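Close look at the chain arrangement
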Amino acid sequence: MTFIETRGNDGVKPAEVPFSQAILSPSASFGGLYVPKALPALGLDFLKEHVHSHYKTLCKAFFAKFGVDIEEVTLSAALDRYDRFDDPADPVPLVQVEEDAFVSELWHGPTRAFKDMALQPFGYILSSLAQKRGEHYLIMAATSGDTGPATLETFKNAPNIKVACLYPAGGTSDVQRLQMVTEEAANEKVIGIRGNFDDAQTALKNLLASESFKRKLKESQTELSAANSVNFGRIIFQIVYHIHSYLKMVAQGEVELGEPIYIIVPSGNFGNVLGAYYAKKMGLPVEKLLISSNINNILSDLITKGEYDLRGRTLKQTTSPAMDILKSSNVERVLFDKFGPERTKRLMDDLNEKGVYKLTDDELAMLREDFDATFCSDEEGAAIIAQYARKGYIMDPHTATCFKAYEQLRKKSLKTVICSTAEWTKFSVTVAKALGHEATKDLDALQWVSENYGVEVPKMIAELFEKPIVHKTVVDKERIEDEILDFI
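This section reports on the structure supplied with the text.

1. Details of the packing of aromatic side chains
If you walk through the whole model with that rule in mind, you get 16 aromatic pairs. Consider the rings of Phe232 and Tyr278, whose centres lie 5.9 Å apart with planes at 55°: the pair is tilted. Of the two residues, Phe232 is situated in helix H10 (residues 232-251) and Tyr278 in helix H11 (residues 271-282); the sequence distance between them amounts to 46 residues. Given the relative accessible area of 2%, Tyr278 is considered buried. Ring plane angle 50° and centroid distance 5.7 Å describe the contact between Phe270 and Phe371, whose orientation is recorded as tilted. A residue pair is termed long-range when its members are at least 10 positions apart, and Phe270 in the loop between strand E10 (261-266) and H11 and Phe371 in strand E14 (residues 371-375) qualify at 101 residues. The class for Phe270 is buried, based on a relative accessible area of 3%. Since its relative accessible area comes to 0%, Phe371 is described here as buried. An aromatic cluster is defined as three or more aromatic residues linked by ring pairs; in this entry it consists of Phe3, Phe19, Phe232, Phe270, Tyr277, Tyr278 and Phe371.

If you want it as structure tokens, here you go:
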């Protein structure tokens, strides 16, 4: 399996690279991204074979289909990271909440967010590659609240790796912030920026593409990589759990093998739903992918109107902050898959230069073959949290947005998998308020929800409030490069 570039090749970078190179150096020509040259097919025989497979067995079979250049012993050790999850035999529980709706709980790892599903094994693989090559890497991550903790967790004290994590100061929950600023590993630096997630992500992309920054790093014998979903090493692991959830539906007798389902994904940077899109293209029986956003509804505008328009638009802070994003990186990979590199480059150039691009009617029709989308206000999300709490299920505000899509977007009476991307504990103030308790601090909210609804606060969350603050740096975005170079 080789990887090519979404915006075409500049004649300087290799026209095709192996998987290992794509994840070590994820910045492609013209600021683009790496994508598989071709996707392997998952026929019904493959799915049938793995209906009852252990999650790690499914992963190994899936990677074999992809033919990536990662040694089997390295992949096996990476997948052993799932042994740290709540139930190693079932790292992604599937919970029925309606007769035809099932929640895929993707957050049972060490930082209580779906990012652990990809970043735990990915971190091991990248560190192993660095050691094997005798190279040292700076891993950069920009976070709206979940990628940062998961990145810091997977790479802490990893040989040959340093991490610089950027987060919007004031733009995360207390728990998310504490998961980052209390990290004690000497190889990691956490930097708060005065700005929003788009500012953090833009800074990351600019540094990934900056030859002068890379040159300065090389003076310290350091190469540059990224842990955001611009890195396909994240995406490949995100494909697997969508396949797994479908197979669990089959194993439980909820669907017949080959029967299509809906998958609903709360989406900000589009990486999670991109994994589902690739699974669908590879043969997973999916009727349509339904995307839920918050009032920063750039994605629903794209998928319903064919417009990606940043002009005059400002990012709004919501109670689902992981989706407080206007520049969704992974949309580009779908544009490439649908329209090819030349059109993708023109669209992305228009976005960068004019702040807008528009699809033709035919292009929009192609996009809508696979996707539909809606968005959910904070008030609507709070009502959904309260509604399901009365039924005995506590969810976070990102998961709550999916239920509007569940109610409004399904055109057929098909079973539905809803992707739950974070445990309620990461957004306890919002959850408590939806349930009738005003709290200003996470600790109060956690205790109240736990006591009144009989749900446990995991030890790794409870312990955060006793840890000392290690990382106190907060800077303007113009200072990010200097802070990172000082750290290196």
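And the narrative resumes.
2. Concerning the nonpolar core
Phe62, Ile243, Phe270, Tyr357 and Phe371 are the most contacted members of the largest nonpolar core, which totals 144 residues. Broken down by element, this core gets its largest block of residues, 12 residues, from H10. When neighbours within four sequence positions are excluded, Phe371 is seen to be in contact with Phe270, Val273, Tyr277, Lys288, Leu289, Ile291, Ile303 and Val334. Counting 23 residues, the second-largest nonpolar core is a separate cluster that includes Leu33, Ala164, Leu224 and Val230.

Quick notes on the rules
Residues numbered from 1 in each chain as written. Predicted model: local features only at pLDDT ≥ 70, side-chain atom pairs only at ≥ 80, totals over all residues. Heavy atoms only, no water. Phe/Tyr/Trp six-rings, centres within 6.5 Å; stacked < 30°, edge-to-face > 60°. Helix = DSSP H or I, 4+ residues; strand = E, 2+ residues; numbered from the N terminus. Buried < 20%, exposed > 50% of the residue type's maximum accessible area, 1.4 Å probe, protein only. Core = buried A, V, L, I, M, F, W, Y, C linked by side-chain atoms within 4.5 Å. Contact = heavy atoms within 4.5 Å.

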